[in-house]
Amino acid sequence: MKKAGKIIAAIFASICIVVSIVTVGVAFFAKIAQEDPEAFTEEFYKSSSSFDNMSESEREIAEETMEDILNWILNLDHGKVLSQGIVGAILSIIILVTVLMNLPNMPIVTPAIACGASLVGAIYCGWLILIFMVITLFASGLVLLANMQNEKTN
């Protein structure tokens, strides 16, 4: 149970680091787009020239999708998304290090720190990061539970 928890937590904490970095990139992209929305909108619609080869129904769907993406980018709260990405990355690194750490004199403290970091990440970060944080919370909880059982037997 301990080994499986460590593996699962390490895998999903690593994925969460990548997702958090992508989130930070999206926040920076949205900030750039929001600084000059007219130029961004114009450039965004220039890329729609590839729709000429599509049928009318496909073109309508593609244009609606592009409009939704454009509105999402221009209305994104880049500061909030940026802070969620940075916090998610930092917490994921903490989870990764504390779950993989094997300190015989503190077997309960390090997985408890990982559980706490996972819980904070699940509460604070956006829904995509939240998915991975909840999985790391369960996995680091498994490690904590296994360590607590080992402490009782010793």
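Scroll up to find the structure this text is about.
Residues numbered from 1 in each chain as written. Predicted model: local features only at pLDDT ≥ 70, side-chain atom pairs only at ≥ 80, totals over all residues. Heavy atoms only, no water.

1. Considering the packing of aromatic side chains
Logical step 1: The tally for this structure, following the rule as stated, stands at 3 aromatic pairs.
Logical step 2: The interplanar angle of 75° and the centroid separation of 5.6 Å between the aromatic rings of Phe29 and Phe40 together place this pair among those described as edge-to-face. Of this pair, Phe29 sits in helix H1 (residues 2-35) while Phe40 sits in helix H2 (residues 37-46), and the two are 11 residues apart along the sequence. (Phe/Tyr/Trp six-rings, centres within 6.5 Å; stacked < 30°, edge-to-face > 60°. Helix = DSSP H or I, 4+ residues; strand = E, 2+ residues; numbered from the N terminus.)

2. Describing helix H5 (residues 109-124)
Logical step 1: A rise of 1.5 Å per residue sets the reference length of H5, with its 16 residues, at 22 Å; its end C-alpha atoms lie 22 Å apart and thus fit the reference within 8%.
Logical step 2: Here H5 has its buried residues at Thr110, Pro111, Ala114, Cys115, Ala117, Ser118, Gly121 and Ala122. End-on view of H5: buried residues confined to an arc of 165°, all on one side of the axis.
Logical step 3: Tucked inside the fold, the buried residues of H5 contact helix H4 (78-100) and helix H6 (127-153). (Expected span 1.5 Å × (residues − 1). Buried < 20%, exposed > 50% of the residue type's maximum accessible area, 1.4 Å probe, protein only. Arc of directions from axis to C-beta. Contact = heavy atoms within 4.5 Å.)

3. Regarding the nonpolar core
Looking at soluble globular proteins, one finds that nonpolar side chains tend to be buried together.
Logical step 1: By size, the foremost hydrophobic cluster in this structure holds 16 residues, and its most contacted members are Cys16, Ile95, Val99, Ile129 and Met133.
Logical step 2: Those elements that provide at least two residues to this core are H1, H4, H5 and H6.
Logical step 3: Considering each element in turn, this core owes the most residues, 5 residues, to H6.
Logical step 4: Beyond its immediate sequence surroundings of up to four residues, Ile129 is in contact with Cys16, Val19, Ser20, Thr23, Gln84, Gly85 and Gly88.
Logical step 5: Ranked by size, the runner-up nonpolar core spans 10 residues in total, among them Ala27, Ala30, Met66 and Leu70. (Core = buried A, V, L, I, M, F, W, Y, C linked by side-chain atoms within 4.5 Å.)

4. Examining the packing of H2 against helix H3 (residues 56-75)
Logical step 1: Relative to each other, H2 and H3 sit at 155°, their axes nearing to 11 Å. Taken together, the axes of H2 and H3 are roughly antiparallel relative to one another. Crossing hand, H2 versus H3: right-handed. Residue-level inspection shows Pro37, Phe40, Thr41, Phe44 and Tyr45 of H2 in contact with H3, the latter providing Met66, Glu67, Ile69, Leu70, Ile73 and Leu74.
Logical step 2: Split by residue class, the contact of H2 with H3 holds 9 nonpolar, 1 polar and 1 charged. (Axes fitted to C-alpha atoms, helices over the stretch in contact; angles between N-to-C directions. Parallel < 35°, antiparallel > 145°, perpendicular 65-115°, else oblique. Left-handed = near helix turned anticlockwise from the far one by under 90°. Nonpolar A, V, L, I, M, F, W, Y, C, P; charged D, E, K, R; others polar.)

5. What to know about the packing of H4 against H5
Logical step 1: One way to put it is that H4 packs onto H5 with a least axis distance of 8 Å and a crossing angle of 160°. Taken together, H4 and H5 sit at an angle that is classed as roughly antiparallel. For the pair H4 and H5, the sense of crossing is left-handed. Counting all contacts with H4, which are made through Ser83, Gln84, Val87, Leu91, Ile94, Ile95, Thr98 and Val99, the residues of H5 involved are Thr110, Pro111, Ile113, Ala114, Ala117, Ser118, Val120, Gly121 and Tyr124.
Logical step 2: Grouping the constituent residues of the contact of H4 with H5 by class yields 11 nonpolar, 6 polar and no charged.

Everything listed is a geometric property; what it means functionally is a separate question.
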